[in-house]
Amino acid sequence: GESVGLHLPTLSVQEGDNSIINCAYSNSASDYFIWYKQESGKGPQFIIDIRSNMDKRQGQRVTVLLNKTVKHLSLQIAATQPGDSAVYFCAAGRGSARQLTFGSGTQLTVLP
Amino acid sequence: GAGVSQSPRYKVAKRGQDVALRCDPISGHVSLFWYQQALGQGPEFLTYFQNEAQLDKSGLPSDRFFAERPEGSVSTLKIQRTQQEDSAVYLCASSGSGSSQNEQFFGPGTRLTVL
């Protein structure tokens, strides 16, 4: 089966610095990956996704990097802002199996 | 509607009671998912519908859990004879078709507390 893990349960960064959140997955058959942001009392909010035929994708202030060789992906947030404070989850999916397998989350805290 | 809505937002049940949790997906979304999220953990897949068909229920933890989507829109997750270990946030997500089929939009969840 698939397991998805995050390297650090908590991450604190200074406002304005860049943040990097890492994630490892176990199933080499996983072919798409999504990063979600979850604020307290809310459902996960889509940030960015990437398919396995890509190794990098950029959005607004966010970049996802995928290394299929070591089954690792990361989320980079540029110029981290207080509003970025939340729990971040990576999730993996594969083929026709529409379910997502989530990691346990990293709590990002932005310090003033 | 503008997003996925769920009701009730909070539910307290006594052990042994039956509960029903409702999900209204984004209008036109064919796929609907239910996840269970324990405190401090990531969501775990329960079941998946495409229109009214339940295509995957492999994540339902026991036969006390039952989900339906009879008309291919609103879905209900029912838990019979609730147990304390059922306490969690139950999240519903929906997704469209074609190029956007992988992006699941989540509702705010229903926090179930079983006493």
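Going by the structure above, here's the rest.
Here goes a summary of the coordinates provided.

Cut-off values and rules
Residues numbered from 1 in each chain as written. Chains lettered and ligands numbered in written order. Predicted model: local features only at pLDDT ≥ 70, side-chain atom pairs only at ≥ 80, totals over all residues. Heavy atoms only, no water. Helix = DSSP H or I, 4+ residues; strand = E, 2+ residues; numbered from the N terminus. Rg over C-alpha atoms; globule rule 2.2 N^0.38 Å. Contact = heavy atoms within 4.5 Å. Lys, Arg positive; Asp, Glu negative; His and termini not counted. Charge placed at Lys NZ, Arg CZ, Asp CG, Glu CD. Disulfide = S-S within 2.5 Å. Buried < 20%, exposed > 50% of the residue type's maximum accessible area, 1.4 Å probe, protein only. Pairing = 2+ DSSP bridges. Axes fitted to C-alpha atoms, helices over the stretch in contact; angles between N-to-C directions. Buried area = accessible area lost by both parts, 1.4 Å probe. Salt bridge = Lys/Arg side-chain N within 4 Å of Asp/Glu carboxyl O. Polar contact = N/O pair within 3.5 Å; in protein donor to acceptor, adjacent residues only side chain to side chain. Nonpolar A, V, L, I, M, F, W, Y, C, P; charged D, E, K, R; others polar.

### Focus on the overall build of chain B
What chain B contains, in helices and strands, is 0 helices and 11 strands. Rg of the C-alpha trace for chain B: 13 Å, near the compact-globule value of 13 Å for 115 residues, within the 12% margin. If one aligns the C-alpha atoms of chain B with their principal axes, the spans along those axes are about 40 × 25 × 25 Å. In chain B, 53% of the contacts between residues at least 6 apart in sequence involve partners at least 24 apart. When the 11 basic and 11 acidic side-chain charges of chain B are each reduced to a single mean position, those positions are 8 Å apart.

### Focus: the state of the cysteines
The term disulfide refers to a covalent linkage connecting the sulfur atoms of a pair of cysteines. Summed over the entire model, instances satisfying the criterion amount to 2 disulfides over all chains. In this model Cys23 of chain A forms its disulfide with Cys90 of chain A; the gap between the sulfur atoms is 1.8 Å. Residues Cys23 of chain A and Cys90 of chain A share a disulfide whose torsion about the S-S bond is about 50°; that sign makes it right-handed. Here the residue Cys23 of chain A occupies a position in strand β3 (residues 19-25), and Cys90 of chain A occupies one in strand β9 (residues 86-94), the gap between them amounting to 67 residues. We classify Cys23 of chain A as buried; its relative accessible area is 0%. Residue class for Cys90 of chain A comes out buried when judged on its relative accessible area of 1%. Residue Cys23 of chain B pairs covalently with Cys92 of chain B via a disulfide, S to S 1.9 Å. In this structure the cystine formed by Cys23 of chain B and Cys92 of chain B twists about its S-S bond by roughly -65°; its chirality is therefore left-handed. With Cys23 of chain B in strand β3 (residues 19-24) and Cys92 of chain B in strand β9 (residues 88-95), this pair connects stretches of sequence that are 69 residues apart.

### Digging into the sheet that holds β3 of chain B
All names here are of chain B. Pairing is antiparallel in the open sheet, where 4 strands are placed in the order β1-β3-β8-β7. Looking at the sheet topology across the chains shown, the edges are occupied by β1 (5-7) and β7 (65-68). Taking the axes of each pair of neighbouring strands and ignoring which way they run, one obtains an average angle of 15° across the sheet. Sheet analysis places β7 next to strand β8 (residues 75-79), joined by 4 bridges and oriented antiparallel. Looking at β8, one finds that Phe66 is bridged to Lys78.

### As for the interface of chain A and chain B
Counting residues at the interface gives 17 residues for chain A, matched by 22 residues for chain B. For the pairing of chain A and chain B, the buried interface totals around 1,600 Å² over both sides, and the portion due to carbon and sulfur atoms is 48%. On the chain A side of the contact with chain B, Arg98, Gln99 and Phe102 of chain A bury the most area, a combined 40% of that side's loss. Our count for the contact surface shared by chain A and chain B stands at 0 salt bridges. The interface formed by chain A and chain B holds 5 residue pairs in polar contact (both at pLDDT 80 or more) in total. Only β4 (32-38), β5 (45-51) and β10 (97-102) of chain A provide two or more residues apiece to the side of chain A that touches chain B. For the side of chain A that touches chain B, the residue count by class is 8 nonpolar, 6 polar and 3 charged.

### Considerations on the pattern of salt bridges
In total, this model carries 6 salt bridges over all chains according to the counting rule given. Ionic pairing is found between Lys42 of chain A and Glu39 of chain A, a salt bridge with its closest N-O pair at 3.7 Å. Among the ionic pairs, Arg64 of chain B bridges to Asp86 of chain B, the shortest N-O distance being 2.8 Å. In this pair, Arg64 of chain B is assigned in the loop between β6 (53-56) and β7 and Asp86 of chain B in the loop between β8 and β9, connecting sequence segments 22 residues apart. The burial state of Arg64 of chain B is the same as that of Asp86 of chain B; both residues are buried.

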